[in-house]
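Here is what each chain is made of, one letter per residue.
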Amino acid sequence: MKHAKRLDLVPPYLFAEIDKKRNEAIAKGIDVINLGIGDPDLPTPSGIIDAMKKALDDPKNHNYPPYEGTDKYKEASAKFYEKRFGIKLDYKTEILAIIGSKEGLAHLPFAFVDEGDYTLVPDPAYPVYKVATQFAGGIPYTMPLLEENGFLPDLTKIPTEIAKKSKIMFLNYPNNPTGAMATKEFYEEAVQFAKKYDILICSDLAYSEQYYDDYKPLSILEIEGSKDVCIELNSLSKSFNMTGWRVGFAGGNAEAISALGKLKNNVDSGVFKAIQCAGIEALENFEKYTKQVTKVYQPRRDVVIEGLNSLGWNIKPAKATFYIWFPVPKGYNSTEFSALMLDKAGIVLPAGVGYGEYGEGYVRIALTASEDRLKEAIQRMRDNNIRFA
Ligand code: PLP
């Protein structure tokens, strides 16, 4: 059977490769510590589960949902924005329910990119921006995220010819995989750039509630005039331990929301209403739930940072996300170091190059294991003399 050529554009899905390696190690009887995929290890808060249970018993929730989201869900999303970021969004025209942010990201280029158009894609990055662009017939233009620039793209390096042909700029702060945060100045510059070249900025805000100390992440919609050129994708996955539920929302520019909605109307049939009820419970009580969900990560982060630094690394604590992005020791590339960690220490962690060529030289730890397991991971590194040199 001959599949479409576009599938040949796709590298093996990063986490599929990791899963395969992990399964092989488990089959060999190795006690694997999985710090690979960014999937919270703790359950969804019980109040959110209860809201879903209640909604399940109501037959009104069993049929097709309104494709764009129920009014109540969209209102809860708008209220969350106002309370969390001080931004007013009209729930009727500026909010759209999505089936997790991956779905929104994957469909957006089909609404905005024609054959041969460019999108501006950070590297390293969540792989969907690039692949979705290619599926839609577009050409991803790489914006390197370099440590010396705080993992922010240097917009002055984008050639004018490319900028003129670009339809979407993808941004993701707090950032996966680097843990970096965007500054207000950077967002201001990005909004000006997007206005100059008539580009839609798609801000992927999947990690907005995973932050430490006093570093509360911004929404790009806080920037004056941003609504003219920005759409922001929000997910309940990481903020509320709801990765399996598949629910999020897009907010921002009404034309962009409407275009994405039109595309989606012809592809999917929205988010199950009972899940939207759970989403309402989460969003209306986000302060309570996100505190509960994300408070576990700071001590875990500290265990890993202190541990790695005791093994020769010199890593500053991440300000946000549940990822630690750190350089591999000299003499290894990221794939080799990732293989070494699995073979010698039974630790699964993705090679940075899986997030793009500028991820080479780094690996990522997801803080999705208990403090004890993380301490054990560090101990295994110490026992096997895996150090930064
Ligand atoms: N965006 C980024 C940067 C991510 O890291 C992820 C998941 O890991 C997603 C989007 C997708 O999240 P979801 O589809 O669960 O909302």
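No experiment lies behind these values; they were computed from the predicted model shown.

Enquirer: Please explain the overall build of the protein as it appears in this structure.
Expert: Counting secondary structure elements, the protein contains 13 helices and 11 strands. Here the protein has a C-alpha radius of gyration of 21 Å; the compact-globule value for 389 residues is 21 Å, and the two agree. Considering only C-alpha atoms, the protein reaches an extent of 60 × 55 × 55 Å along its principal axes. Sorting the 389 residues of the protein into buried and exposed places 56% on the buried side. Put simply, of all contacts in the protein between residues at least 6 apart along the chain, 75% involve residues at least 24 apart.

Enquirer: How do you make sense of the sheet that holds strand β3 (residues 118–123) when you look at a structure like this?
Expert: Sheet strands line up and pair through hydrogen bonds in the backbone, either parallel or antiparallel. Taken in spatial order, the 7 strands make up an open sheet running β2-β8-β7-β6-β5-β3-β4, and their pairing is mixed. At either margin of the open sheet sits one strand with a lone partner, and together these are β2 (95–98) and β4 (139–144). Each adjacent strand pair in this sheet contributes to an overall mean axis angle of 25°, direction not counted. In terms of strand pairing, strand β5 (residues 166–171) meets strand β6 (residues 200–204) through 4 bridges, oriented parallel. Opposite L171, over in β6, you have S203 as the bridge partner. Running over the sheet, helix α5 (residues 128–135) touches β3, β4, β5 and β6 and is turned about 160° from β3.

Enquirer: For this particular structure, what's the right way to read the pattern of salt bridges?
Expert: Opposite charge on two side chains allows them to pair when their charged atoms are near. Applying the stated rule across the entire model yields 19 salt bridges. Between D41 and R300 there is a salt bridge whose closest N-O contact spans 3.0 Å. One end of the pair, D41, is in the loop between β1 (33–34) and α2 (46–56); the other, R300, is in helix α11 (residues 297–310), and 259 residues separate them in sequence. Across the salt bridge formed by K167 and D117, the nearest N and O atoms sit 2.7 Å from each other. Residue K167 is located in strand β5, and its partner D117 is located in the loop between α4 (101–112) and β3; the two are separated by 50 residues in the primary sequence. Judged by its relative accessible area of 28%, K167 falls in the partly exposed class. Assessed through its relative accessible area of 14%, D117 is described here as buried. Among the charged side chains, a network of salt bridges with common partners joins D31, R373, E376 and R380.

Enquirer: How do you make sense of the environment of L96 when you look at a structure like this?
Expert: Counting through the fold element by element, L96 comes out in strand β2. Setting aside anything within four residues of it in sequence, one finds L96 in contact with E68, G248, F249, A250, I257, L260, G261 and K264.

Enquirer: Sorry, what's going on with the side chain of E209 here?
Expert: Inspection of the secondary structure assignment puts E209 in the loop between β6 and β7 (230–235). With residues up to four places along the chain from it excluded, the contact list for E209 reads F80, R84, F85, S239, F286, T290 and T294.

Enquirer: Got a minute to help me understand the site of the ligand in this structure?
Expert: Near the ligand, the surroundings consist of 15 residues, among which D204, Y207, S235, S237 and R246 are the closest. Here an oxygen atom of the ligand and a backbone polar atom of K102 are 2.9 Å apart. In this structure, K238 approaches the ligand through a side-chain N or O atom, which is 2.8 Å from an oxygen atom. When isolated, the ligand has an accessible area of 400 Å², and the protein chains bury 93% of it. In terms of residue count, the dominant contributor to the shell around the ligand is α4 (3 residues).

Enquirer: Would you take a moment to explain helix α3 (residues 71–85) for this structure?
Expert: Each α-helix turn comprises 3.6 residues. Residues three or four places apart therefore point the same way. Given a rise of 1.5 Å per residue, 15 residues ought to cover 21 Å, and the 21 Å separating the end C-alpha atoms of α3 matches this to within 8%. Buried residues of α3: Y73, K74, A76, S77, A78, F80, Y81, R84 and F85, and no others. Taken together, the buried residues of α3 touch β2, β7, β8 (248–252), α9 (273–284) and α10 (286–294).

Enquirer: Sorry if this is basic, but what is going on with the packing of aromatic side chains here?
Expert: Think of a pair of aromatic rings as described by two things: how far the centres are apart, and how the planes are tilted against each other in angle. Taken as a whole, this structure holds 22 aromatic pairs when the rule is applied. When the ring of Y129 is compared with that of F170, the centres are 4.9 Å apart and the planes differ by 20°; the resulting orientation is stacked. Of this pair, Y129 sits in helix α5 while F170 is found in strand β5, placing the two residues 41 residues apart along the sequence. Judged by its relative accessible area of 0%, Y129 is buried. Take F170: its relative accessible area is 0%, and that puts it in the buried class. Feature note: the residues F80, Y81, F85, F249 and F286 constitute an aromatic cluster, connected by ring pairs.

Calculation notes
- Residues numbered from 1 in each chain as written.
- Predicted model: local features only at pLDDT ≥ 70, side-chain atom pairs only at ≥ 80, totals over all residues.
- Heavy atoms only, no water.
- Helix = DSSP H or I, 4+ residues; strand = E, 2+ residues; numbered from the N terminus.
- Rg over C-alpha atoms; globule rule 2.2 N^0.38 Å.
- Buried < 20%, exposed > 50% of the residue type's maximum accessible area, 1.4 Å probe, protein only.
- Contact = heavy atoms within 4.5 Å.
- Pairing = 2+ DSSP bridges.
- Axes fitted to C-alpha atoms, helices over the stretch in contact; angles between N-to-C directions.
- Salt bridge = Lys/Arg side-chain N within 4 Å of Asp/Glu carboxyl O.
- Near = heavy atom within 4 Å.
- Polar contact = N/O pair within 3.5 Å; in protein donor to acceptor, adjacent residues only side chain to side chain.
- Areas by Shrake-Rupley, 256 points an atom, 1.4 Å probe, with all protein chains shown as cover.
- Expected span 1.5 Å × (residues − 1).
- Phe/Tyr/Trp six-rings, centres within 6.5 Å; stacked < 30°, edge-to-face > 60°.

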